[in-house]
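Architecture at a glance
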Amino acid sequence: MGGFPLPALPSPLEEIADARLGARGVRLLLKRDDLIHRDIPGNKWRKLRGNLDEARRLGHDTLLTFGGAYSNHIRAVAAAGRLFGLRTVGVIRGEEHLPLNPTLRFAVDAGMRLAYLDRTSYRAKTSAAVVERLSAEFGAFYLLPEGGSNALGVRGCAALPAEIDRPFDVLCCSCGTGGTLAGLAAGLAPGQRALGVPVLRGAGFLADDVDALQRAAFGANSGNWTMAYDFHFGGYARSTPELGRFIVDFHDRHGLGLEPVYEAKLLYALFALAEADAFAPGTTVVAVLNAVADGLGPDPRTGNAIG
């Protein structure tokens, strides 16, 4: 394994004591999936684990996957390839820009080969024509979908609820492709429910995607999940001063830097929903954190770095 540590499960569970939630009778626990592994954290590892086994079973030594220039999935696949001795190819949406950003630099340093598709071709990235072109360039490969969300990835996420050793009512996660929510919901016990917070604007299509992923992985829709669509803050990787203030305040109160693309929106949504009495008094909510912030950026109150 080249001296790199293996991912570690189960991830810890931490309670967040916050007077704003306490006033509504809501208890919040954080499932710290960000601590599974430094470079393959959270749902990235849970989605990859079964796919890595399947790639080996089929005799593949190369993984090929897709993502944007700042994709955490691309970064995680590169890290997994380095860790488990597999070649990796990352097909990136858009044109090449040099110098590489930190995400793509990490991927290349981990041994990943990069290819680029213009946005029109990228929309057809899994078509036979595009896959054949990639096969001609890179040889045989095991194809991982964007975000790692396929039936194997969904089944990997379904194992998470069984790790939670305290009673709870609602299990929450942020949503990009819907695979994590599909898996988490399928792993719940009767009477529990899942809530997803999409980070994309206009993400109504995700309901169909979650339904399709559950049917592919388990043969049926579990029927115990919903999504809160109003907390995207303008769209993927977009933010507002309000979200920035929430990140700073959460850090001040709890000493934890929230990753801004996904997890800050998730936690903001949970506090807003609690304030709106969306959770009945006595509800225990578990929020899955798949990453935390590398750095919090400038404090909107002072302009100085946080920390």
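Residues numbered from 1 in each chain as written. Predicted model: local features only at pLDDT ≥ 70, side-chain atom pairs only at ≥ 80, totals over all residues. Heavy atoms only, no water.

Taken in spatial order, the four strands make up an open sheet running β5-β4-β3-β6, and their pairing is parallel. This sheet does not close on itself; its edge strands, each paired only once, are β5 (113–117) and β6 (142–143). Looking at chain direction, strand β3 (residues 62–67) and strand β4 (residues 87–93) are connected through six bridges and run parallel. Following the sheet pairing, glycine 67 is matched in β4 by isoleucine 92. (Pairing = 2+ DSSP bridges. Helix = DSSP H or I, 4+ residues; strand = E, 2+ residues; numbered from the N terminus.)

So, about the pairing of strand β8 (residues 193–198). Burial runs high along β8: five of the six residues are buried. Examined bridge by bridge, strand β7 (residues 170–175) and β8 share six bridges and lie parallel to one another. By the bridge assignment, valine 170 is partnered in β8 with arginine 193. Since β7 and β8 lie parallel, the crossover through helix α8 (residues 179–186) that links them has a hand, and here it is right-handed. Sheet analysis places β8 next to strand β9 (residues 225–227), joined by three bridges and oriented parallel. For alanine 194, the partnering residue across the bridge sits in β9 and is tryptophan 225. For the crossover that starts at β8, traverses helix α9 (residues 206–218) and ends in the parallel β9, the hand is right-handed. (Buried < 20%, exposed > 50% of the residue type's maximum accessible area, 1.4 Å probe, protein only. Right-handed = clockwise from strand over helix to strand, strands pointing away.)

For the protein chain, mean pLDDT is 93; residues scoring 70 or higher make up 94% of the total. Every residue in residues 296–307 scores below 50 in pLDDT, and together they form 23 contacts with partners more than four places removed in sequence or on other chains. (pLDDT = per-residue confidence, 0-100. Contact = heavy atoms within 4.5 Å.)

So, about the packing of aromatic side chains. Following the criterion strictly, the structure yields nine aromatic pairs and no others. Summarising the aromatic geometry, the rings of tyrosine 236 and tyrosine 262 are spaced 5.9 Å apart at their centres and angled 70° between planes, so their arrangement reads as edge-to-face. Of this pair, tyrosine 236 sits in the loop between β9 and α10 (241–254) while tyrosine 262 sits in the loop between α10 and α11 (263–275); the two residues are 26 residues apart in sequence, bridging distant segments of the chain. With a relative accessible area of 38%, tyrosine 236 lands in the partly exposed category. Between phenylalanine 250 and phenylalanine 271, the ring centres sit 6.2 Å apart and the planes meet at 85°, which makes this aromatic pair edge-to-face. Residue phenylalanine 250 is found in helix α10, and its partner phenylalanine 271 is found in helix α11; the two are separated by 21 residues along the sequence. Phenylalanine 271 carries the same exposure label as phenylalanine 250, and that label is buried. (Phe/Tyr/Trp six-rings, centres within 6.5 Å; stacked < 30°, edge-to-face > 60°.)

What follows covers the nonpolar core. Proteins that are soluble and globular tend to have nonpolar side chains buried together. One finds Leu28, Leu267, Leu270 and Phe279 to be the most contacted residues of the largest nonpolar core, which totals 31 residues. Breaking this core down by element, the ones donating at least two residues are β2 (27–32), β7, β8, α10, α11 and β10 (284–289). Residue contacts for phenylalanine 279: discarding those within four places in its chain leaves Val26, Val170, Arg193, Leu195, Leu270, Leu273, Ala274 and Val285. If you look at the next biggest cluster of nonpolar residues, it comprises 29 residues, including Leu200, Ala203, Val210 and Met227. (Core = buried A, V, L, I, M, F, W, Y, C linked by side-chain atoms within 4.5 Å.)

Take the pairing of β3 next. Burial within β3 is extensive, with six of its six residues counted as buried. Side chains Thr62, Leu64 and Phe66 of β3 all project onto a buried face; the interleaved residues Leu63, Thr65 and Gly67 project onto the opposite face, where all are buried too. The handedness of the β3 to β4 crossover, carried by helix α3 (residues 72–84), is right-handed. Where β3 lies against β6, two bridges are found, and the strand directions are parallel. Among the inter-strand pairings, leucine 63 is bridged to a residue of β6, identified as tyrosine 142.

Between its terminal C-alpha atoms helix α2 (residues 42–57) stretches 24 Å, which fits the 22 Å expected from 16 residues at 1.5 Å a residue. Of all the bends in α2, the largest measures some 30° and sits at leucine 48. All of the buried residues along α2 are Gly42, Asn43, Lys44, Trp45, Arg46, Lys47, Leu48, Asn51, Leu52 and Ala55. Among the structural elements, β2, β3, α3, β6, α7 (151–158) and α8 are those in contact with the buried residues of α2. (Expected span 1.5 Å × (residues − 1). Bend = angle between axes of the 7 residues up to and from the residue.)

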